[in-house]
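# Working through the structure, step by step
So the chains spell out like this:
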Amino acid sequence: MPRLLITDDDLHLRKLVRTYADVEGYQCEEAENGAAAIALLKEKDFDLVVLDVMIPGPDGFETLAAIRQFSQIPVVMLTARDEEYDKLLGFNLGVDDYVSKPFSPKELMARIGAVLRRSNGAKDTGELIFGGLVIGARSRTVTADGRSLSLPPKEFDLLLKLAQNERIVFSREKLLETVWGYNYYGDVRTVDTHVKSLREHLGEYRKSIQTVWGVGYKFDHVDSE
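An account of the accompanying structure is given in this report. (Residues numbered from 1 in each chain as written. Predicted model: local features only at pLDDT ≥ 70, side-chain atom pairs only at ≥ 80, totals over all residues. Heavy atoms only, no water.)

The subject of this paragraph is unusual backbone geometry. A cis amide bond links Lys101 with the next residue in sequence, Pro102, at an omega value of -10 degrees. Position of Pro102 among the secondary structure elements: in the loop between strand S5 (97-100) and helix H5 (105-125). Although it is not a glycine, Arg167 adopts a positive phi angle of roughly 75 degrees. Relative to the helices and strands, Arg167 is located in the loop between helix H6 (153-164) and strand S10 (170-171). (Helix = DSSP H or I, 4+ residues; strand = E, 2+ residues; numbered from the N terminus.)

Shown next, in the form of structure tokens:
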């Protein structure tokens, strides 16, 4: 049974989320601030954190950054702020999804379920599944709607890096470091060339590789049309 950690300073909101989570069969614990959440995560095993951005003390972003120092647990953030900068900051820190306030508890449960399925699927099979796009991390294979795609090694590495960090924005320089290696001194345009070729190979799923102007690239799943 999945275990959730609900982190928010609003007692009423915590109880609301917990009520719906109980119906879905999740076990829940609560934390009223970031420090308490971090302490619980270091003491106990959880499967997902629901984390409010606007909590006192270390805010949600600071708490997420601290969590990422020792855990890659999935995190769904609650935010009343809908500015693009805030979301980019969260994704760069490693948030898995956002839900804007005021929110539908049913939508929140659906998003939690999707994040958990994606996380558990990757743990159990080594596969990342995005609709009809399946990336085999261990087998180094990619299929699109059942059709096998033949990717050059560096294109596969690039796709895997982006997909493993869905919605996180990577600069071209960071991709050169992590995909090509710290000792690679190539031009950053090498990344652009590989992204262009990768998109062509992905066909109907090419829109999942998104350009973040002035920054770099991110993977954000888009169903084929």
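Ile135 and Leu159 are the most contacted members of the largest nonpolar core, which has 28 residues in total. Within the residue set of this core, elements represented by two or more residues are strand S6 (127-130), strand S7 (133-136), strand S8 (141-144), H6, helix H7 (172-180), helix H8 (189-202) and strand S12 (216-219). When residues of this core are assigned to their parent elements, the largest contribution, six residues, is made by H6. Not counting chain neighbours up to four residues away, the residues in contact with Ile135 comprise Gly126, Glu127, Leu128, Phe130, Thr141, Val142, Phe156, Leu159, Leu160 and Ala163. Listed in part, the 20 residues of the second largest apolar core include Val53, Ile55, Val75 and Tyr98. (Core = buried A, V, L, I, M, F, W, Y, C linked by side-chain atoms within 4.5 Å. Buried < 20%, exposed > 50% of the residue type's maximum accessible area, 1.4 Å probe, protein only. Contact = heavy atoms within 4.5 Å.)

Once that is clear, we can look at the packing of helix H2 (residues 34-43) against helix H3 (residues 60-67). Relative to each other, H2 and H3 sit at 20 degrees, their axes nearing to 9 Å. With respect to H3, the element H2 is oriented roughly parallel. Taken as a pair, H2 and H3 cross one another with a handedness that is right-handed. Between H2 and H3, the contacting residues are Gly34, Ile38 and Leu41 on the first element and Thr63, Ala66 and Ile67 on the second. When its residues are assigned to classes, the contact of H2 with H3 shows four nonpolar, two polar and no charged. (Axes fitted to C-alpha atoms, helices over the stretch in contact; angles between N-to-C directions. Parallel < 35°, antiparallel > 145°, perpendicular 65-115°, else oblique. Left-handed = near helix turned anticlockwise from the far one by under 90°. Nonpolar A, V, L, I, M, F, W, Y, C, P; charged D, E, K, R; others polar.)

The sheet built from five strands is open, its strands ordered S2-S1-S3-S4-S5 with parallel pairing. At either end of the open sheet lies a strand with only one pairing partner, and these are strand S2 (27-31) and S5. Pairwise comparison of adjacent strand axes, ignoring direction, gives a mean angle of 20 degrees for this sheet. In this sheet, S5 lies alongside strand S4 (residues 75-79) in parallel orientation, the contact comprising four bridges. Bridge pairing in S5 links Val76 to Asp97. Sheet strands in contact with helix H1 (residues 11-23) are strand S1 (3-7), S2 and S4, and its direction is about 170 degrees off that of S2. (Pairing = 2+ DSSP bridges.)

Bear in mind that shape data such as this cannot, by itself, settle questions of function.
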